[in-house]
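Coordinate analysis (summary)
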Amino acid sequence: MSSLADPTPMPARSLKGDLLELLSSMRFAISLLTVICVASAIGTVVRQGEPSNNYVEQFGPFWAEVYGALGLYRIYSTPWFMLILAFLVTSTSLCIARNAPRILVDFRNHKEGIREQALNAFHHRAEGVIYQPLDQAQNRVQQLLSSAGWSIKSQVRTGGVGREAGVMIAARLGAVNKLGYIAAHSAIVLVCLGGLFDGDLIVKVQAWAQGLQPFRGGAITEQSRLSVDNPAYRAQLFVAEGQRSSSAVLNLDKGMLLQPLPFEVELKKFNVDYYATGMPKRFASDIVIHDPRTNTTKAATVEVNHPVVYDGVTIFQSSFEDGGSQVSLKPVFLNGQGLGEDAPLIQGEVNGNPLPLAADARGQVRVEITGLRVINVENLSDAQGAGEDKTDVRGVNLADLSKHLGSGAKPPGDKKLVNVGPSVTYKLRDSAGQAREYQNYMVPVNLQGRPTFLLGVRDTPAENFRFLRIPADEQGSMNGWLRLRRALNDEGMRREAVQRFAAKGAPPNRPELVQQLGMSAQRALDLFAGVIVTPGEPGEPVPTTSAGGLQALSDFIEKVVPERERERTSETLVRILNGALSELMNLSRERAGLAPLSMDTDSAQAFMTQSVLSLSDAALYPVPVVLMLEGFEQRQASVFQVTRTPGRNVVYLGCVLLIVGVFAMLYIRERRLWVWLHGDGAQGTQVRMALSSTRQTLDTDAEFEQVRAALLAPAPAPDLKEV
């Protein structure tokens, strides 16, 4: 009677061992690397470090908040991205630690102890006879393989139980393939470590350890200042022409930290070269580095892709801004008041202190000059059709007039990039803190063959500018349009212009038509000027809060004209309005001592067409005054990126190892060759050989055939250096 022994219990698995197995597994490392690649792709598509308003405009309020909570706007410095990098470093390091000893042992081992019977199991194998004694055959085989570059080890076997006496020659070629694994995985570790060193990790650790508080504006305290010996940072340095600075700023998700530099950077001159279209071609900064520690200076030029390195800090040319240019602004009242008078100029500095302008119902209004652009390159492809567009407002259907203060954006199509001259940007802020932003061009822009002043306005920085287009007169100024606007607001001049129009437009022998045409023209002008005309008493205007313009005529027609007659009535009324405005224009010129315009010319018709549209749009312009750029003294400023990156060389080393490792694993095949030699009892030597390769290819077959032919051929054998 037999009994079964108790089974041996399996060793218990520990949680620590399971975690170690998971962390050191290749699948876990590949998964982490995939997540990092996806995150990096998101960081490439989504622009990093932009103002929050830009993301709200791009994604909408809900998704902008969701993406912000996920850290997609600063993805490379988010805690979860840093944590994944740390896990990837740990996982890859454990993979190397677990596999490297075995790889190194295998790298040094030629496996010369293989049993001769095992050679029969290889795909590439051969047998034959060398008609030489064993010692001569051994020397011949070793010499042939050595001359072909094979690494050789031999083992002499004396024989024994179940074994033959002979010599086992083990040869190896392409052993560096084994080191490719270590090099490639070490590269991943080095690149990730370099990324951790050069990211925000060191700065955040310092801020946490020292209790630093990022600031968003106002005075800078010591609690917002990093050490000058900070080993790693990537900061922005703003320097205006003629000034020097040693304080850079690090932008973090919760604010900014001040990074002092061990030297001062002085900007001597900022240089910009332009293409023929006005687009920037090259911009560079002539700087002088002042080192207070050694009382030395160093002159250098920083430009894009050509940084300057000093004391371990690299200075890159990042961008350029206004450095406090001086501008002269002339107030221009859109209602024509003060025309011909010398209005006092407003002298200000870009990004300087706010300047008082005037007081309105909400209190004091101040001017904040926010930008000066000397070069403005715009797409003026519409100007290709200059002179072809002769639209007369008398043919416009008022029912279709629904757009006012249109966008300055151009429709898609062929681009014609033109420098349209300087522009100034400013904000008008009331006592309640509410502000609108304005952008005015210094000189008229040629739009469809017509010189036009562009006066832009927007309510928030997230919007595009909407432009009021005022035609320039024959002198290239706004005076012609301003005279017309002032005359339109003058009741007496409106009545006189109506009388002239009625007298010219009606037959002299039909006095009743003169009166009817005059009443219609008076009604059209009054409505256009923003005065409501009572339908029952057309000759008695009353004040109104109506904005006027073409929209007022459209509203009036919809109110008093049957729907089936509105289109015909609107065409007629606009023709009358255009004729009355032409007389009003010439009346204003007559009182200014100028010759009247001939309405038969294309230029006069184009001027009146744009004038009618801009007068209508001017009713929607939010302020009665614009500030036109009269002169400026430009002062540029450079924005440098200053970096101290100790991990840069580590990353470079990792890249080199990655190239070496990938090349070794993909393009170098490890081949092992075993040749078993033993005497045949006569004067010959029996040969049994086998070849193994990390990848089975057609080259492997050809290589084995060449080796077999060389080893088994009678002496002298062919050269094997091409093997």
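1. Re helix H12 (residues 549-560)
If you check H12, its first and last C-alpha atoms are 17 Å apart, about what 12 residues at 1.5 Å a residue would give, namely 16 Å. When we look at burial in H12, the residues that qualify are Gly549, Leu550, Ala552, Leu553, Ser554, Phe556 and Ile557.

2. Things to note about the environment of Pro292
Mapping Pro292 onto the fold places it in the loop between strand E7 (280-291) and strand E8 (296-303). Taking the relative accessible area as the measure of exposure, Pro292 reaches 58% and is therefore exposed. For Pro292, the contacting residues outside a window of four places in its chain are Pro262 and Phe263.

3. Here we look at the side chain of Arg669
For Arg669, the position within the fold is in the loop between helix H15 (648-667) and strand E26 (671-679). At 3.0 Å, the side chain of Arg669 forms a polar contact with the side chain of Thr700. In contact with Arg669, other than residues within four places in its own chain, are Leu173, Gly174, Ser693, Thr694, Arg695, Thr697, Asp699, Thr700 and Glu703.

4. Some thoughts on the packing of aromatic side chains
How two aromatic rings sit relative to each other is set out by the distance from centre to centre and by the angle between their planes. Tallying each qualifying case throughout the model produces 16 aromatic pairs. An angle of 80 degrees between the planes, with centres 5.1 Å apart, marks the rings of Phe62 and Trp63 as edge-to-face. Classification of Phe62 as exposed rests on a relative accessible area of 55%. Plain terms: the ring middles of Phe270 and Phe283 are 6.2 Å apart, the flat faces sit at 35 degrees to each other, and that makes the pair tilted.

5. Brief notes about helix H8 (residues 201-210)
Along H8, the residues classified as buried are Val203, Gln206 and Ala207. Buried positions in H8, seen along its axis, are confined to an arc of 100 degrees and lie on one side of it. For H8, exposure combined with an orientation more than 90 degrees from the buried face picks out Trp208 and Ala209. In this fold, the buried residues of H8 make contact with strand E5 (244-252) and strand E6 (255-274). Note on H8: the residue one or two positions beyond its end, Gly211, has a positive phi of about 65 degrees.

6. Remarks on the pattern of salt bridges
Where side chains of opposite charge bring their charged atoms close, a pairing between them can arise. Going through the model one piece at a time under the given rule, you end up with 31 salt bridges. Notably, a salt bridge pairs Glu474 with Arg589, separated by 2.9 Å at the nearest N-O pair. Residue Glu474 is found in the loop between strand E21 (466-471) and helix H9 (479-488), and its partner Arg589 is found in helix H13 (residues 566-591); the two are separated by 115 residues along the sequence. For Glu474, a relative accessible area of 47% puts it in the partly exposed group. Of the charged contacts in the structure, one is a salt bridge between Glu565 and Arg568, with a shortest N-O distance of 3.9 Å.

7. Section: the environment of Ser93
Among the secondary structure elements, Ser93 is positioned in helix H5 (residues 79-108). For the pair Ser93 and Ser24, spaced 69 residues apart in sequence, the C-alpha separation works out to 7.7 Å.

8. Regarding the sheet that holds strand E11 (residues 326-333)
The strand order E12-E11-E24 describes an open sheet built from 3 strands, whose pairing is antiparallel. Among the strands making up the open sheet, the edge pair consists of strand E12 (346-349) and strand E24 (625-633). Ignoring which end each strand starts from, the neighbouring axes of this sheet average 35 degrees apart. One ladder, built from 8 bridges, connects E11 with E24; its direction is antiparallel. Opposite Leu329, over in E24, you have Leu629 as the bridge partner.

9. Structural notes on unusual backbone geometry
At Asn351, a residue that is not glycine, the phi angle is positive and equals roughly 65 degrees. With respect to the element layout, Asn351 can be found in the loop between E12 and strand E13 (355-360). Look at Gln448: it is not a glycine, yet its phi comes out positive at around 55 degrees. Along the polypeptide, Gln448 turns up in the loop between strand E19 (445-447) and strand E20 (450-458).

10. Focus on the nonpolar core
If you look at the biggest cluster of nonpolar residues, it comprises 61 residues, and the most contacted ones within it are Phe528, Leu581 and Tyr621. In terms of residues, this core owes the most to one element, H13, which gives 8 residues. In contact with Leu581, other than residues within four places in its own chain, are Leu484, Leu488, Leu525, Phe528, Met608 and Val612. Among the nonpolar cores identified, the runner-up in size contains 26 residues, and Val239, Leu250, Leu261 and Ile289 belong to it.

11. Focus on the packing of helix H10 (residues 491-505) against H13
To characterise two packed helices, one gives the angle between the axes of the helices and the distance between these axes. Across the interface, H10 lies against H13 with an axial gap of 8 Å and an inter-helix angle of 120 degrees. On the basis of the axis angle, H10 is oblique to H13. Crossing angle aside, the handedness with which H10 passes H13 is right-handed. From H10, Met493, Arg494, Glu496, Ala497, Arg500, Phe501 and Lys504 reach across to H13, where they touch Ile576, Gly579, Ala580, Glu583, Leu584, Leu587, Ser588, Glu590 and Arg591. Taken together, the residues of the contact of H10 with H13 break down into 7 nonpolar, 2 polar and 7 charged.

12. Quick notes on the environment of Pro280
Position of Pro280 relative to the elements: it lies in strand E7. The class for Pro280 is partly exposed, based on a relative accessible area of 39%. Residues Pro280 and Val377 lie 97 residues apart in sequence; the distance between their C-alpha atoms is 9.5 Å. Dropping the residues within four chain positions of it, Pro280 is found in contact with Val272, Asp273, Tyr274 and Tyr275.

13. Here's the deal with the sheet that holds strand E27 (residues 685-693)
Judged by pairing direction, the sheet is antiparallel, and its 5 strands sit side by side in the order E1-E27-E26-E3-E2 without closing on themselves. Two strands close off the open sheet at either side, each with one partner strand: strand E1 (124-130) and strand E2 (151-157). Looking at each pair of strands side by side, their axes are set apart by 15 degrees on average, direction ignored. As paired strands, E1 and E27 are joined by 7 bridges and run antiparallel to one another. Paired with Val129 across the bridge in E27 is Gln686.

14. Considering the pairing of strand E10 (residues 313-322)
One ladder, built from 3 bridges, connects strand E9 (residues 308-310) with E10; its direction is antiparallel. Counterpart to Val308 in the pairing with E10 is Ile315. Between E9 and E10, which pair antiparallel and follow one another directly, the connecting turn spans 2 residues, one of which, Asp311, has a positive phi of 55 degrees. In this sheet, strand E25 (residues 636-644) lies alongside E10 in antiparallel orientation, the contact comprising 8 bridges. By the bridge assignment for E25, Thr314 is matched with Thr643.

Thresholds, definitions, all that
- The written sequence of each chain sets the order in which its residues are numbered from 1.
- Owing to the predicted nature of the model, reporting of local features is limited to residues with pLDDT of at least 70; listing and counting of side-chain atom pairs is limited to 80 or more, with chain, interface and lining totals taken over all residues.
- Just so you know, side-chain values use all the structure's heavy atoms and leave hydrogens and water out.
- By definition, any uninterrupted DSSP run of H or I lasting at least four residues is a helix, any uninterrupted run of E lasting at least two residues is a strand, and each is numbered from the N terminus.
- Given the number of residues in a helix, its expected span is that number minus one, multiplied by 1.5 Å.
- Relative accessible area decides the class of each residue, using a 1.4 Å probe on protein chains only: under 20% of the type maximum gives buried, over 50% gives exposed, and in between gives partly exposed.
- Whether two residues are in contact is decided by their heavy atoms: any pair within 4.5 Å suffices.
- In protein, a polar contact means a hydrogen-donor-capable atom and an acceptor-capable atom, both N or O and within 3.5 Å, with residues adjacent in sequence counting only if both atoms are side-chain atoms; elsewhere, any N or O pair within 3.5 Å suffices.
- Here is the rule: rings of Phe, Tyr and Trp (six-membered ring for Trp) pair when centre to centre is within 6.5 Å. Planes less than 30 degrees apart are stacked, more than 60 are edge-to-face, and the remainder are tilted.
- Arc definition: directions from the helix axis to the C-beta atoms.
- Should a side-chain nitrogen of Lys or Arg be within 4 Å of a carboxyl oxygen of Asp or Glu, the pair is scored as a salt bridge.
- The pairing criterion is simple: DSSP has to find at least two bridges between the two strands.
- To get an axis, fit a line to the C-alpha atoms, keeping to the stretch in contact for a helix; angles then go from 0 to 180 degrees between the N-to-C directions.
- Buried Ala, Val, Leu, Ile, Met, Phe, Trp, Tyr and Cys residues form a nonpolar core when they are joined through side-chain atoms within 4.5 Å.
- Angles are sorted into four bins: roughly parallel if under 35 degrees, roughly antiparallel if over 145, roughly perpendicular if 65 to 115, and oblique for all others.
- For any helix crossing, the convention is left-handed if the near helix is rotated counterclockwise from the far helix by under a right angle, and right-handed if that rotation is clockwise.
- Any residue that is not Ala, Val, Leu, Ile, Met, Phe, Trp, Tyr, Cys, Pro, Asp, Glu, Lys or Arg is counted as polar, Gly included; the first ten are nonpolar and the last four charged.

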